[in-house]
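# Observations on chain architecture
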Amino acid sequence: MKKETQLIAAGRSKKYTQGVVNPVLQRASTVVFDSVAEFKEAAKNRGNRALFYGRRGTNTHFALQEAIAELEGGAGCALYPSGAAAIANTLLSFVKAGDHILMMDTAYEPTRDFCNKVLSGLGVSTTYYDPMIGAGISELIQENTRVLFMESPGSITMEVQDVPALVKVAKEHGLITMLDNTYGNGLQFRPLDHGVDISIQAATKYIVGHSDVMMGVSVANERYWPTLREQSYLLGQCCSADDAYMALRGLRTMAVRLAQHEQAALTVANWLSTHPLVDHVRHPALPSCPGHEHFKRDFHGSNGLFSVVMKEGNQAALDALVEALHHFKMGFSWGGYESLITTGLTMAPLRSVTGWAHGPIIRLHIGLENVDDLIDDLSQGLDVYAKVCAQA
């Protein structure tokens, strides 16, 4: 089955749809049973998509879990109320006091904060590593290292990691490997196919696709799924049936949306790469992005997210650019139908190993608007940017 067809069919068995097109929306906290035998049977199968208690899920949740597990090629999928919750609780499911984890230096900021402010307080230490280190990661492994965490491409600066090389070393040392796959989304990159044990996504982004639901998912292989499932349950993790239904609806159109995001983003990225104000563009599909060779080898496509490094600039110029734009809105997140922009003078405060020796950085998410309108918008905004820079 081709991946586009898989997105349409996954999680749509008759037990979930009950004869209609979409899985039914089933809200529940309490599940009632007609007999003690029925109750005992449900208790025995409560970890295997059987109705038992609302926090374990309803058929709406089970349909989504089945679909995401199939998308990512895993044994099972846990649901969380946000992507940050998925990352935090997946880590908590496998570490204890005295353990050590390896975290790429380009981590999503809440992931770094979780390690520095929560895990450290629980006696779990973190070493940040250069995302481009590859097999050199072996030099950072300690006797108590438990987890190797990856995020590829990296947050904002978009470095694409050599995942097979990292996984090979991790397996030789018995580490659990986890990867934030929000960019790869299961369609364009499947970490488990490359030996990763657990793939995590902020389903808020491309799975939901409409900027109206917060959700996280974590998919594990056969070895680690039972632990992830039970630990996440004990940590109280769940999401509403309504949100699960919205994620299922978004999943059906994800391939079509991604194709448009990809085409438009490449057009904008190539235009920006020739702009006189731009130092280089960090789009994984372009040679100017660190790790581009890994992207070409491992990924099946790109999406709407990339960053632009400017030759020069200041905070006033960045502010003027954002406020001059019409179609690009300033806001956190990405993956929805709308175009977004975030800016920063430097990445140095969010890097402890790799530093930042470049100019200001602008991250763009290219939405589903007409690409000519988006280029026109950026063009006039960059004119404003240039004028403010000239006044400095």
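We now turn to the structure provided with this report.

## Details of the sheet that holds strand β1 (residues 76-80)
With respect to topology, seven strands assemble into an open sheet ordered β1-β7-β6-β5-β4-β2-β3, the strand pairing being mixed. Taken across any chain shown, the strands that pair with only one partner, and hence form the sheet edges, are β1 and β3 (125-129). Going from strand to strand, the sheet's axes swing by 20 degrees on average, the running direction of each strand aside. Here β1 runs beside strand β7 (residues 216-220); their pairing, made up of five bridges, is antiparallel. Looking across to β7, one finds that Ala78 is bridged to Ser218. Contacts from helix α7 (residues 163-172) reach β4 (145-151) and β5 (176-180) within the one sheet, and its direction differs from that of β4 by about 175 degrees.

## Quick word on the environment of Ser120
Looking at the element boundaries, Ser120 is found in the loop between α6 (109-119) and β3. Separated by 20 residues in the primary sequence, Ser120 and His100 have C-alpha atoms spaced 9.8 Å apart.

## Side note on the sheet that holds strand β11 (residues 340-344)
Taken in spatial order, the five strands make up an open sheet running β8-β9-β12-β11-β10, and their pairing is mixed. Sheet topology places β8 (278-282) and β10 (329-330) at the edges, where each strand pairs with a single neighbour. As defined by bridge partners, strand β9 (residues 305-310) adjoins strand β12 (residues 361-365) across five bridges and the pair is classed as antiparallel. Bridge pairing in β12 links Val309 to Ile361. Packing against the sheet, helix α12 (residues 315-324) makes contact with β10, β11 and β12, and its axis sits at approximately 175 degrees to β11.

## Topic: helix α10 (residues 254-273)
The end-to-end C-alpha distance of α10 is 27 Å, a good match for the 28 Å that 20 residues give at a rise of 1.5 Å each. Looking at α10, one finds that the buried residues are Met254, Ala255, Arg257, Leu258, His261, Ala264, Ala265, Val268, Ala269 and Leu272.

The rules we used
Throughout this description, residue numbers start from 1 for each chain and increase along the sequence as written. Whole-chain, interface and lining totals are the exception, using all residues; otherwise, since this is a predicted model, local features are given only for residues with pLDDT of at least 70 and side-chain atom pairs are given and counted only at 80 or more. The basis for the side-chain values is all heavy atoms of the structure; hydrogens and waters are excluded. In short, DSSP must find at least two bridges between two strands for them to pair. The secondary structure listing takes helices from DSSP runs of H or I that are at least 4 residues long and strands from runs of E that are at least 2 residues long, numbered from the N terminus. Whenever a helix is involved, its axis is fitted only over the stretch in contact; in every case the axis is a line through C-alpha atoms, and angles between N-to-C directions fall within 0 to 180 degrees. The contact criterion used is simple: two residues touch if any of their non-hydrogen atoms lie within 4.5 Å. One fewer than the residue count of a helix, multiplied by 1.5 Å, yields its expected span. Whether a residue is buried, partly exposed or exposed follows from its accessible area with a 1.4 Å probe, protein chains only, as a fraction of its type maximum: under 20%, in between, or over 50%, in that order.

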